[in-house]
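Structure assessment
Okay, here's what each chain looks like letter by letter:
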Amino acid sequence: MSNPFLGLIFHWIGGLASASFYIPYRGVKKWAWETYWLAGGFFSWIIAPWILASIMTRDLPAVLSETSGSTLFWTYFFGVLWGLGGLTFGLTMRYLGISLGMAVALGFCAAFGTLIPPIFHGEFATKILGTTSGLVILLGVGVCLAGIGVSGMAGMTKEREMSEEQKRAVIKEFDFKKGILVATFSGIMSACFSYGLDAGKPIKALTLEHGTAQLWQGLPVLVVVLLGGFTTNFIWCVFLNFRNGTGGQYFGAQGGHGTEGPILETAIDAPAEEMARQAPLSSPEPTRTPLLMNYLFCALAGTLWYFQFFFYTMGESQMVKYPFSSWTLHMSSIIIFSSLWGLALKEWRGASRKAMTFLILSLAVLIASTVVIGYGNYLAANAQ
């Protein structure tokens, strides 16, 4: 049983969660990026996945213990690689700027994350090229990539209209060749989250055998994939804690830089930096570190981050024949809601009519891509 359009709604909710999660971090005071990112990450990658999977699925420890070591390894390994993609995404912004860098990285991420799983399983010719529903979904993927390209044109048009001083602030070390290489690496590595979900299919089968409803079958897979992502981010954040002398911030000690420090993003969490800078502060900067409130804001942000994939798995469960298409739906939804946040936070104030036209066109194209892919899954569901 599947309902592709219900799945589309779930993906939209997940995209909204991903586009919004960074806002609670604006309430964190006197902490460096590595401190609040890791604190929130415990909720994103460890606490929320385990709690919700334990509540919504049956026999989680038994399911994971019955899973083969090979399945657990590859699911975890692709999570580690996804973490590398996220941590290099900030370099893409540094060398190419937010708009061009995001368009290139997200384009690779969307294309590789969607198309590689069916190619790997030998299903591309039979299930996609050989069926009407598959061709419709392939068209939707192409429309999504076109939407990402138009979104990049909107941003580049806006950047061209900036003063030289503003351009230097946005693109401090522009290097096209280096930026393309980094963006390609970041996008492909970020697509590894999709590969981890694909590698975790045996976990889904086991959790269904234990009596879990179809809607929640993907939650145990997230436990393993996100553990891999946690590993990468934990190592990097702890390294930065030692290098910057910010480790004591977890216990209320002063030292290191505050939240003015560098903000890194992942290719599937964009554009967090812009939202974090433009969202209003909740209160003046305190003289002492508000430790309890910092952890509460990090918990809220981290849990909201996790909900993007919580709803992703729910949406994927409704795309029975073409689960890989969920990746494109997820990417489209994130960009749509991130762009809407940018408009709401007046990020595009003063942009020219040409830039706004590109932005509105990109939103229309991306929304159309989600509808086309949803319709392709609908045709597949009715053909069963």
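Residues numbered from 1 in each chain as written. Predicted model: local features only at pLDDT ≥ 70, side-chain atom pairs only at ≥ 80, totals over all residues. Heavy atoms only, no water.

**Notes on the overall build of the chain**
Each helix and strand counted, the chain has 17 helices and zero strands in total. A separation of at least 24 residues holds for 85% of the contacts in the chain among residues at least 6 apart in sequence. Per element, the accessible surface of the chain, about 15,900 Å² overall, is 69% carbon and sulfur. (Helix = DSSP H or I, 4+ residues; strand = E, 2+ residues; numbered from the N terminus. Contact = heavy atoms within 4.5 Å. Areas by Shrake-Rupley, 256 points an atom, 1.4 Å probe, with all protein chains shown as cover.)

**Focus: the packing of helix α11 (residues 192–199) against helix α13 (residues 219–244)**
Interaxial distance between α11 and α13 falls to 9 Å at its minimum, and their mutual angle equals 135°. Considering their axes alone, α11 and α13 lie oblique with respect to each other. For the pair α11 and α13, the sense of crossing is right-handed. Along the contact surface, α11 presents F193, G196 and L197, while α13 presents V221, L222, V225 and L226. Each residue belonging to the contact of α11 with α13 can be placed in one class, and the counts come to six nonpolar, one polar and no charged. (Axes fitted to C-alpha atoms, helices over the stretch in contact; angles between N-to-C directions. Parallel < 35°, antiparallel > 145°, perpendicular 65-115°, else oblique. Left-handed = near helix turned anticlockwise from the far one by under 90°. Nonpolar A, V, L, I, M, F, W, Y, C, P; charged D, E, K, R; others polar.)

**Remarks on the packing of aromatic side chains**
Two measures describe an aromatic ring pair: the distance that separates the ring centres and the angle between the ring planes. For the structure on display, the rule yields 39 aromatic pairs. Aromatic pair F21 and Y22: ring centres 5.3 Å apart, planes at 55°, arrangement tilted. Take F21: its relative accessible area is 1%, and that puts it in the buried class. Taking the relative accessible area as the measure of exposure, Y22 reaches 1% and is therefore buried. (Phe/Tyr/Trp six-rings, centres within 6.5 Å; stacked < 30°, edge-to-face > 60°. Buried < 20%, exposed > 50% of the residue type's maximum accessible area, 1.4 Å probe, protein only.)

**Topic: α13**
For α13, with 26 residues, the first-to-last C-alpha span of 36 Å sits near the 38 Å given by 1.5 Å per residue. Looking one or two residues beyond α13, the residue adopting positive phi is G245, at roughly 65°. (Expected span 1.5 Å × (residues − 1).)

**Observations concerning the environment of C237**
Relative to the helices and strands, C237 resides in helix α13. The class of C237 is buried, set by a relative accessible area of 0%. It is 9.5 Å that separates the C-alpha atoms of C237 and Y36, two residues lying 201 residues apart in sequence. Once you skip the residues sitting within four places of it in the chain, C237 turns out to touch W33, E34, W37 and L38.

**Overview of unusual backbone geometry**
Phi at K30 takes a positive value of approximately 65°, unusual for a residue other than glycine. Looking at K30, the relative accessible area reads 26%, which means it is partly exposed. For D59, which is not a glycine, the phi torsion comes out positive at approximately 55°. Within the secondary structure layout, D59 lies in the loop between α2 (33–56) and α3 (60–66).

**A word on helix α8 (residues 132–160)**
Given a rise of 1.5 Å per residue, 29 residues ought to cover 42 Å, and the 42 Å separating the end C-alpha atoms of α8 matches this to within 8%. With a side-chain oxygen positioned 3.0 Å from the backbone nitrogen of G134, the residue opening α8 is T131. (Polar contact = N/O pair within 3.5 Å; in protein donor to acceptor, adjacent residues only side chain to side chain.)

**Concerning the side chain of T88**
In this structure, T88 sits in the loop between α4 (69–87) and α5 (89–96). For T88, a relative accessible area of 16% translates into the label buried. Looking at T88, its side chain comes within polar contact range of the main-chain oxygen of L84, at 3.1 Å. With residues up to four places along the chain from it excluded, the contact list for T88 reads V182, F185 and S186.

**Focus on the packing of α8 against helix α16 (residues 325–344)**
Axis separation between α8 and α16 bottoms out at 10 Å; the angle between their running directions is 25°. When the interaxial angle is binned, α8 and α16 end up roughly parallel. For α8 against α16, the interelement crossing comes out left-handed. Here I137, V141, C144, I148 and S151 of α8 come into contact with α16, specifically with S325, T328, S332 and I335. A per-class count over the contact of α8 with α16 returns five nonpolar, four polar and no charged.

**Considerations on the state of the cysteines**
For the coordinates displayed, the defined rule picks out zero disulfides. Among the cysteines around C192, which has no disulfide bond, C109 carries the closest sulfur, lying 9.1 Å off. What makes C192 buried here is its relative accessible area of 3%. (Disulfide = S-S within 2.5 Å.)

**Focus: the pattern of salt bridges**
Under the definition given, this model contains three salt bridges. The shortest N-O distance in the salt bridge between D198 and K201 comes to 3.2 Å. Since its relative accessible area comes to 16%, D198 is described here as buried. Of the charged contacts, one joins K204 and E316 as a salt bridge, the two residues approaching to 2.8 Å between their closest N and O atoms. Here K204 is found in helix α12 (residues 201–209), whereas its partner E316 is found in helix α15 (residues 291–316), with 112 residues between them in sequence. Judged by relative accessible area, which is 10%, K204 ranks as buried. (Salt bridge = Lys/Arg side-chain N within 4 Å of Asp/Glu carboxyl O.)

**As for the confidence of the model for the chain**
Predicted confidence across the chain gives a mean pLDDT of 83, with 84% of residues reaching 70 or more. Between the elements of the chain, mean pLDDT differs from a low of 42, seen in helix α14 (residues 272–278), to a high of 96, seen in α3. Note on residues 270–282: pLDDT under 50 across the span, and 32 contacts to partners over four residues away in sequence or across chains. (pLDDT = per-residue confidence, 0-100.)

**Focus on a nonpolar patch on the surface**
Together, L6, I9, W12, I13, I367 and V371 line one region of the surface with nonpolar side chains, adding up to about 450 Å² of accessible area. Listing elements by their share of the nonpolar patch, those giving two or more residues are α1 (4–20) and α17 (353–383). By residue number, the principal contributor to the nonpolar patch is α1, which donates four residues. Following the sequence through the fold, L6 ends up in helix α1. (Patch = residues over 30% accessible without salt bridge, like charges linked within 9 Å, V, L, I, M, F, W, Y side chains within 5 Å.)

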